[in-house]
Amino acid sequence: MANAEVGDDHAGEDPTVNELERRGAQLLGQEAALFLPSATLANQLAFRVLSRPGEELIGEESAHVFISEQGGPAVHSGLVCRGLAGRLGRFTGEQLRAAVRPDRPNYYPRSRIVTLENTHNSAGGTVWRLDELADVTATARELGLALHLDGSRVLNAAIALGVPAAQLCAPFDLVTLCLTKGLGCPMGAVLAGSAPLIAEARRLKHLFGGATRQAGIVAAAGIYAFDHNIDRLADDHRRARRLAEALVAAGVPVDLERVETNFVQIDMAAFGLTGAEGTQRLAAAGVGVTGTIHPTVVRALTHLDVSDEDIEQAARLIPQALGAAAGATTGAARG
Ligand SMILES: Cc1ncc(COP(=O)(O)O)c(C=O)c1O
């Protein structure tokens, strides 16, 4: 990062940003890409590019774009948000078809964009199955809808399925990839799509106040991450699985069906605790977890700073701090 060659990114003159955008487009199998400060901005620009005010954005009801972006689709693009009930963060083509109202076009808001999240954050880092992805995206096309992927963690999905990320991104008009999550960068995201759509997103990046100057300093971290931090996501997944299985064996409720990537969700209800109380209790024991949208569920994450030894330590400390009794439950299904 310190040695990055830089220029004025806003004028298209930062060679490191340009290289990151070239690599990002290639990785995601899209024609072009745009470097941005955050995945939230990438999502919001995508919606603005693909829609007009008063149109409808359809997605899974607990998607990050609906619950964790301050109502951005309504604020920035005037969109009506339509959440579909999901299972493990996924929904079906049939649900999508039922949600779209082709009759009375002068009356109902026009359905315009379908957004998918892969992996799905609040469902626990869950992965869209290839057949389910094909079903929903084909149905969206048949219904004349635009497709956005919040692929902030799409590289985790690709590693979990053993397929190229480009394959998971192929059906979409625009794809968000976050550089700060499993990839470990201090900041940044990439929005990828066709050259005309990305040209429009580049114009809107300035409108939204997100245009940058010598951003090559941070883009350099993204290029490093593409070279060094993708294949190793498999280690994060293996460690999350190890932690989840050790916790279940020690009587801590974890829904193992959800542990597909680098998240382990723990339900504190079994210990009479809220998520916030559980987080505090575990912090006092030296284990950092975060809350989720589920009031009693907390989330442990594996990432490039968490080692095998850390996992073994967490697997000892968590049951101890919670007073778990071995052989208890495996946790209830959510969302
Ligand atoms: C699925 C998903 N999309 C988007 C974001 C937003 O990322 P950022 O913090 O870079 O804006 C997050 C952050 O947690 C996320 O989990």
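The model shown is predicted, which means the values in this text are computed figures rather than measured ones.

A. Structural detail: the domain arrangement of the protein chain. With domains assigned, the protein chain is organised as domain 1 (9-228) and domain 2 (233-322). The centre of domain 1, based on its C-alpha atoms, is set 28 Å off from the matching centre of domain 2. Across the boundary between the two partners, domain 1 contributes 16 residues, which contact 14 residues of domain 2. A per-element tally of the side of domain 1 that touches domain 2 places helix α7 (residues 154-161) first, with four residues. Of the residues belonging to the side of domain 1 that touches domain 2, the class tally is seven nonpolar, nine polar and no charged.

B. Structural detail: the sheet that holds strand β10 (residues 297-301). Spatially, the three strands line up as an open sheet ordered β8-β10-β9, and their pairing is antiparallel. Edge strands, defined here as strands with exactly one partner in the open sheet, are β8 (263-267) and β9 (290-291). Here five bridges tie β8 to β10, and the two strands are oriented antiparallel to one another. Its bridge partner being in β10, valine 264 is matched across the sheet by alanine 300.

C. Looking closely at helix α13 (residues 308-322). End to end, α13 covers 22 Å across 15 residues, agreeing with the expected 21 Å (1.5 Å per residue, within 8%). If you check which residues of α13 are buried, you get Ile311, Ala314, Ala315, Ile318 and Leu322. On the buried face of α13, the contacting elements are α11 (233-249), α12 (275-284) and β10. Directly beyond the C-terminal end of α13, a positive phi value near 65 degrees is found at glycine 323.

D. Representation of the pairing of strand β5 (residues 146-150). Of all the five residues making up β5, four are buried; the element is thus mostly covered by neighbouring parts of the structure. A crossover links strand β4 (residues 111-117) with its parallel partner β5, the connecting element being helix α6 (residues 130-142), and its sense is right-handed. In this sheet, strand β6 (residues 174-178) lies alongside β5 in parallel orientation, the contact comprising three bridges. Bridging across to β6, aspartate 150 finds its partner in threonine 176.

E. Molecular detail of helix α10 (residues 216-228). Between the first and last C-alpha of α10 there are 18 Å, a value that for 13 residues agrees with the 18 Å anticipated at 1.5 Å per step. Three or more residues of α10 are buried, namely Gly216, Val218, Ala219, Ala220, Ala221, Gly222, Ile223, Ala225 and Phe226. Structurally, α10 contributes buried residues whose contacts are with α1 (15-28) and β1 (32-36).

F. Examining the nonpolar core more closely. One finds Leu28, Val154, Ala189, Val190 and Leu191 to be the most contacted residues of the largest nonpolar core, which totals 66 residues. Per-element accounting of this core gives the leading share, eight residues, to helix α2 (residues 39-50). Valine 154 has contacts with Asn118, Leu149, Ala165, Leu168, Cys169 and Leu177, leaving out every residue within four places of it along the chain. Leu243, Ile311, Ile318 and Leu322 belong to the second-largest nonpolar core, a separate cluster that totals 24 residues.

G. How the structure looks around the site of the ligand. In the neighbourhood of the ligand, the contacting residues comprise Ser38, Ala39, Thr40, Asn43, His64, Glu117, Asn121, Asp150, Ser152, Cys178, Thr180 and Ala189. Here the shell around the ligand takes three residues from α2, the largest share from any one element. The residue makeup of the shell around the ligand, split by class, is three nonpolar, seven polar and two charged.

H. Quick peek at the pairing of strand β7 (residues 189-193). Counting buried residues in β7 gives five out of five residues, a clear majority hidden from the surface. Burial along β7 is two-sided: the face carrying Ala189, Leu191 and Gly193 and the face carrying Val190 and Ala192 are both buried.

Rules used throughout
- Residues numbered from 1 in each chain as written.
- Predicted model: local features only at pLDDT ≥ 70, side-chain atom pairs only at ≥ 80, totals over all residues.
- Domains from an automatic or database assignment.
- Contact = placed C-beta atoms within 7 Å.
- Helix = DSSP H or I, 4+ residues; strand = E, 2+ residues; numbered from the N terminus.
- Nonpolar A, V, L, I, M, F, W, Y, C, P; charged D, E, K, R; others polar.
- Pairing = 2+ DSSP bridges.
- Expected span 1.5 Å × (residues − 1).
- Buried ≥ 20, exposed ≤ 12 C-beta atoms within 10 Å, placed from the backbone.
- Right-handed = clockwise from strand over helix to strand, strands pointing away.
- Core = buried A, V, L, I, M, F, W, Y, C linked by C-beta atoms within 7 Å.
- Near = placed C-beta within 6 Å.

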